[in-house]
Amino acid sequence: MIGIIMGSRSDLEVMREAVDTAKEFRVPYEVTVVSAHRTPDRMVAYAKGAAERGIKVIIAGAGGAAHLPGMVASLTTLPVIGVPIKSRNSIDGWDSLLSIVQMPAGVPVATMAVNGSRNAGLLAVQILALSDKELGHKVIEHKEKQVASVLSGIDAMKVQFPNHFDE
Ligand code: RP5
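Residues numbered from 1 in each chain as written. Predicted model: local features only at pLDDT ≥ 70, side-chain atom pairs only at ≥ 80, totals over all residues. Heavy atoms only, no water.

1. Some remarks on the environment of Gly 93
Examined against the element boundaries, Gly 93 turns out to sit in the loop between β4 (80-85) and α4 (94-101). Distance in space between the C-alpha atoms of Gly 93 and Gly 63 is 7.4 Å, their sequence separation being 30 residues. With sequence-adjacent residues up to four places away left out, Gly 93 is seen in contact with Lys 86 and Val 114. (Helix = DSSP H or I, 4+ residues; strand = E, 2+ residues; numbered from the N terminus. Contact = heavy atoms within 4.5 Å.)

Shown next, in the form of structure tokens:
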């Protein structure tokens, strides 16, 4: 199961893509709000109980002084994927990005791009696929579909630009 958490309900718009990715790959998930600053006790309870509840990987999105992913990573041995959120009063997302990416050695957080919750979902799926053959096949299929979609875009461009490169 993937545990998807975010610092505020206002982060849901961005984090929805991580949820949609879990749904797309039919991976069980759990979603909730856990704030490092506003509900610190809930954060400790969540992080400490996550493995026992069957969570294998945690996706944590947060904006501003985004301490949630790092603090959760400090409280669990599960892999934590951080999504820096460009929230309302943010400094263009830089505040969230730097708060999440600059972890001290010993407490890793796999930091995605700003608002990169699609990739957070995909990375979580790929981690789960290491021990799930069927899911591994779905990941390969997804990559193949991606290639096919780029190639059909190239075909469409060829009509417009006759001078092109072919492998
Ligand atoms: C952070 O503060 C949250 O992750 C959110 O991105 C930001 C703003 O939260 P709200 O004031 O909208 O609840 O903790």
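2. Examining the site of the ligand
Close to the ligand lie Gly 7, Ser 8, Ser 10, Asp 11, Arg 38, Ala 62, Gly 63, Ser 87 and Arg 88, which account for all nearby residues. Between the ligand and Arg 38 there is a distance of 2.7 Å, counted from an oxygen atom to a side-chain nitrogen or oxygen. One of the side-chain N or O atoms of Ser 87 is found 3.5 Å from an oxygen atom in the ligand. Computed on the free molecule, the ligand has an accessible area of 370 Å², of which 77% lies beneath the protein chains in the complex. Among the residues making up the shell around the ligand, the classes are represented as one nonpolar, five polar and three charged. (Near = heavy atom within 4 Å. Polar contact = N/O pair within 3.5 Å; in protein donor to acceptor, adjacent residues only side chain to side chain. Areas by Shrake-Rupley, 256 points an atom, 1.4 Å probe, with all protein chains shown as cover. Nonpolar A, V, L, I, M, F, W, Y, C, P; charged D, E, K, R; others polar.)

3. Some thoughts on the environment of Asp 92
Summarising the element assignment, Asp 92 is placed in the loop between β4 and α4. A sequence separation of 28 residues divides Asp 92 from Gly 64, and the C-alpha atoms of the two residues are 9.5 Å apart.

4. Things to note about unusual backbone geometry
Positive phi outside glycine occurs at Asp 92, with the angle close to 60°. Given a relative accessible area of 53%, Asp 92 falls into the exposed group. Even without being glycine, Asn 115 reaches a positive phi, approximately 65°. Looking at the secondary structure, you find Asn 115 in the loop between β5 (110-111) and α5 (117-129). (Buried < 20%, exposed > 50% of the residue type's maximum accessible area, 1.4 Å probe, protein only.)

5. Examining the nonpolar core
Counting 24 residues, the largest nonpolar core has Ile 2, Ile 4 and Ile 59 as the members making the most contacts within it. Elements that contribute at least two residues to this core include exactly β1 (2-6), α1 (12-24), β3 (57-63), β4, α5 and α6 (133-160). Examining the composition of this core, we find that six residues originate from one element, α5, more than from any other. Ignoring sequence-local partners within four residues, the contact set of Ile 2 consists of Ala 22, Val 27, Pro 28, Tyr 29, Glu 30, Ile 55, Val 57, Ile 59, Ala 124, Val 125 and Leu 128. Counting residues in hydrophobic clusters, the runner-up holds 19 residues, among them Ala 36, Ala 50, Ile 55 and Leu 78. (Core = buried A, V, L, I, M, F, W, Y, C linked by side-chain atoms within 4.5 Å.)

6. A short note on a nonpolar patch on the surface
A cluster of nonpolar side chains, Ile 91, Trp 94, Leu 98 and Val 101, forms an exposed patch at the surface whose accessible area comes to about 430 Å². You can see Ile 91 is positioned in the loop between β4 and α4. (Patch = residues over 30% accessible without salt bridge, like charges linked within 9 Å, V, L, I, M, F, W, Y side chains within 5 Å. Salt bridge = Lys/Arg side-chain N within 4 Å of Asp/Glu carboxyl O.)

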